[in-house]
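Architecture and fold: a report
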2 protein chains.
Amino acid sequence: METQTRPQITAEVTNGVCRLLYHHQMSCLTELRLGNGRRLDVLALGAKGELWAVEVKSSVEDFRADQKWQSYLDYCDRFFFAVPMDFPRDLIPDDVGLIIADRFEAAIIRQCEETSLLAARRKKLLISFGQTAAARLQGGGSDAVFVT
Amino acid sequence: METQTRPQITAEVTNGVCRLLYHHQMSCLTELRLGNGRRLDVLALGAKGELWAVEVKSSVEDFRADQKWQSYLDYCDRFFFAVPMDFPRDLIPDDVGLIIADRFEAAIIRQCEETSLLAARRKKLLISFGQTAAARLQGGGSDAVFVT
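Residues numbered from 1 in each chain as written. Chains lettered and ligands numbered in written order. Predicted model: local features only at pLDDT ≥ 70, side-chain atom pairs only at ≥ 80, totals over all residues. Heavy atoms only, no water.

As recorded in an unreviewed UniProt entry, chain A goes by the name DNA repair protein MmcB-related protein, listed as coming from Thalassospira povalilytica.

What follows is the structure in structure tokens.
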């Protein structure tokens, strides 16, 4: 088996996650630069306005290096880590969602409780989601800050 | 001067409109298939969640053939017709906005009053805007129905 680089694994898991969420009738934006300076791998929008954030961790080192993932909770109703098949799942905290993915498929191994966003916050996120997606469609906006 | 076809004029005016609205910090989606069966040429989303709908009319015939443009008002806070430079502007009703555009530039000739959408309706539109834009980014969703 070939050894993959960290960006390769991240890209494959991200693709698997987007395909999975598409089947849940959710539309995904990837690699968002957040107002708090962090990047979020996937933000998915459902038909009722629900927002799911997914952070991909390619390896144990990648996971352990992230001490501030809780800041993603401000951007979503549900938060998931997504990891490759061989990732030791016990490391992931019990109270967040877990998705296992590779290039070809992905599965929600553990759902998490919904902590519903406040209406004003959701509106702000919906606006930013629409503006970012439309700007990217027009060939720009990839580095725009996504909500402060 | 070459004679242009109606689709060419529509495309050029649409491009001019999107460029103009971009300078107003609005993000545009084009050619939306609405739940009422009609197509809308441009829907633009601003940073405060305001929605502007723009319908392009390439010629007087094109304008006169549209007896139901009022149905677009359900989808926006402001509604504009956009027409080419040589269109007789007096034909456009006084109580809607007017944009004059060609391939290179566009200008808002007349602003219109804002008729603010109800919050629940705006939320539905924001969700559909985000989902449609993200689906198109991922290579699909062009023909999805945009809000019923």
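From this point, the narrative continues.
Turning our eyes to something else, we now look at the sheet that holds strand E1 (residues 27–34) of chain B. All names here are of chain B. Strand order in the open sheet formed by seven strands is E6-E5-E4-E3-E2-E1-E7, and the pairing between neighbours is mixed. Strands at the two margins of the open sheet, each flanked by one partner only, are strand E6 (106–110) and strand E7 (145–146). Bridging between strand E4 (residues 78–83) and strand E5 (residues 97–101) involves four bridges; their strand directions are parallel. Note on E5: the bridge partner recorded for Ala82 is Ile99. Lying over the sheet, helix H3 (residues 119–137) contacts E1, strand E2 (39–45), strand E3 (51–56) and E7, oriented at roughly 100° with respect to E1. (Pairing = 2+ DSSP bridges. Helix = DSSP H or I, 4+ residues; strand = E, 2+ residues; numbered from the N terminus. Contact = heavy atoms within 4.5 Å. Axes fitted to C-alpha atoms, helices over the stretch in contact; angles between N-to-C directions.)

Every contact between the two is made by 23 residues of chain B and, on the other side, 23 residues of chain A. Regarding the contact of chain B and chain A, the summed buried area is about 1,700 Å², with carbon and sulfur atoms giving 64% of it. Its largest share of buried area at the contact with chain A, chain B owes to Ile127(B), Gln131(B) and Leu137(B), together 29% of the area lost on that side. Inspection of the region where chain B meets chain A yields six residue pairs in polar contact (both at pLDDT 80 or more). Elements that contribute at least two residues to the side of chain B that touches chain A include exactly E1 and H3 of chain B. Here the side of chain B that touches chain A takes 11 residues from H3(B), the largest share from any one element. When grouped by side-chain class, the residues that make up the side of chain B that touches chain A number 12 nonpolar, seven polar and four charged. (Buried area = accessible area lost by both parts, 1.4 Å probe. Polar contact = N/O pair within 3.5 Å; in protein donor to acceptor, adjacent residues only side chain to side chain. Nonpolar A, V, L, I, M, F, W, Y, C, P; charged D, E, K, R; others polar.)

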